[in-house]
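# Results of the structural survey
Spelled out from the first residue to the last, the chains are:
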Amino acid sequence: MENKLEEYRIQKGLTQQDLADRVEVSRQTIISLEHGHYNPSILLAFRLAHEFDVSIEDLFLFNEEEKK
Amino acid sequence: MKSIEKYKYQQKMYAWLFLISGITCTGVGVALELTEIPLGIDPRLITRMGILLLGLSLSAWLRYYKAAKRPQTAQRMVIAKSDERMTAIKNKAGQRGFWTSMAIIYGLLMWESVSSNGSLPILTADIRWYWLVAAVVLPMIVNIASIVQGNRGEY
């Protein structure tokens, strides 16, 4: 799933490790998310959205035709 | 930092548990070796089990002190253990390992069943042993390979 995680993270001046520590996941998970290799759980999506003070829809771009 | 305290507490508990059981086991093993009472089993096995438990205790103590000394590193370790992506990878790897193990054991069971009526040659004890070794080792390899693949691939 495409997302604007990297964009928001850089805007906020956070490193991948900082963000990982804040949302309590590993740095590898943040890397995978930013590369669009991993789709987060609803809980993590909410945590990330909350961290950047945006809605989930702003952060993650849903595409109906995306390969499941 | 609550999870860190929990982690430290757990490691301390494991360390004490392994230490007490290790000392007991080693003590009993050594005592049996010295008294030479015929038990039907080699008492050195009990001593070695005790030494293994003492080793586990030492490793738990080291984890405890590492967590106490470097709380941030320990916090990351705790997070990494419960990380949702890693959990998903491990679940998938576990499932693959389970089905590999099932297939091997099912194969052995079928062979044993069919060979008992003479349709297949009867397995020797050696072959049966190697088959059982495969039932342990192959799922482990599948599990580890799946975790490595999951970490490198689309997860």
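Residues numbered from 1 in each chain as written. Chains lettered and ligands numbered in written order. Predicted model: local features only at pLDDT ≥ 70, side-chain atom pairs only at ≥ 80, totals over all residues. Heavy atoms only, no water.

### What to know about helix H3 (residues 71–82) of chain B
All names here are of chain B. Compared with an ideal rise of 1.5 Å per residue, which puts twelve residues at 16 Å, H3 spans 17 Å between its outermost C-alpha atoms and is within 8% of the ideal. Among the residues of H3, Ala74, Gln75, Val78 and Ile79 are the ones counted as buried. Buried positions in H3, seen along its axis, are confined to an arc of 140° and lie on one side of it. (Helix = DSSP H or I, 4+ residues; strand = E, 2+ residues; numbered from the N terminus. Expected span 1.5 Å × (residues − 1). Buried < 20%, exposed > 50% of the residue type's maximum accessible area, 1.4 Å probe, protein only. Arc of directions from axis to C-beta.)

### Let's talk about the environment of Ser26 of chain A
Along the chain, Ser26 of chain A falls in the loop between helix H2 (16–23) and helix H3 (27–34). Ser26 of chain A gets classed as buried once you look at its relative accessible area, which sits at 11%. The spacing of Ser26 of chain A and Gln16 of chain A is ten residues in sequence and 9.2 Å in space, taken between C-alpha atoms. Those residues in contact with Ser26 of chain A that lie beyond four places of it in its chain are Ala20 of chain A together with Ile79, Asp83 and Arg85 of chain B. (Contact = heavy atoms within 4.5 Å.)

### Details of the pattern of salt bridges
All chains considered together, the criterion is met by seven salt bridges over all chains. Between Arg9 of chain A and Glu34 of chain A there is a salt bridge, with its nearest N and O atoms 2.5 Å apart. In this pair, Arg9 of chain A is assigned in helix H1 (residues 5–11) and Glu34 of chain A in helix H3, connecting sequence segments 25 residues apart. A residue is classified by how much of its surface remains accessible, and Arg9 of chain A, at 9% relative accessible area, is buried. Glu34 of chain A gets classed as buried once you look at its relative accessible area, which sits at 12%. One salt bridge connects Arg128 of chain B with Glu112 of chain B, and the closest N-O pair in it is separated by 2.6 Å. Here Glu112 of chain B lies in helix H4 (residues 84–115) and Arg128 of chain B lies in helix H5 (residues 125–152), a separation of 16 residues in the sequence. Ionic contacts of the salt-bridge type, sharing partners, join the residues Lys12, Arg22 and Glu51 of chain A into one network. (Salt bridge = Lys/Arg side-chain N within 4 Å of Asp/Glu carboxyl O.)

### Observations regarding the nonpolar core
Soluble globular proteins tend to pack their nonpolar side chains together in the buried interior. Grouped together as the largest cluster of nonpolar side chains are 18 residues, with contacts concentrated most on Leu19, Ile30, Leu48 and Leu59 of chain A. Those elements giving two or more residues to this core turn out to be H1, H2, H3, helix H4 (42–52) and helix H5 (56–59) of chain A. Tallying contributions element by element places H4 of chain A first for this core, with five residues. Excluding anything up to four places from it in sequence, Leu59 of chain A contacts Glu2, Asn3, Lys4, Leu5, Tyr8, Leu48, Ala49, Phe52 and Val54 of chain A. Membership of the second largest hydrophobic core comes to five residues, among which are Ile4, Tyr7, Ala67 and Val78 of chain B. (Core = buried A, V, L, I, M, F, W, Y, C linked by side-chain atoms within 4.5 Å.)

### A look at the interface of chain B and chain A
Counting residues at the interface gives ten residues for chain B and 13 residues for chain A. For the pair chain B and chain A, the summed buried area comes to about 1000 Å², and 46% of that belongs to carbon and sulfur atoms. In terms of surface lost to chain A, no three residues of chain B exceed Ile79, Glu84 and Arg85 of chain B, which account for 49% of the buried area on that side. Linking chain B with chain A are one salt bridge, by the criterion used here. One salt bridge in this structure joins Asp21 of chain A and Arg76 of chain B, with 2.8 Å as the shortest N-O distance. (Buried area = accessible area lost by both parts, 1.4 Å probe.)

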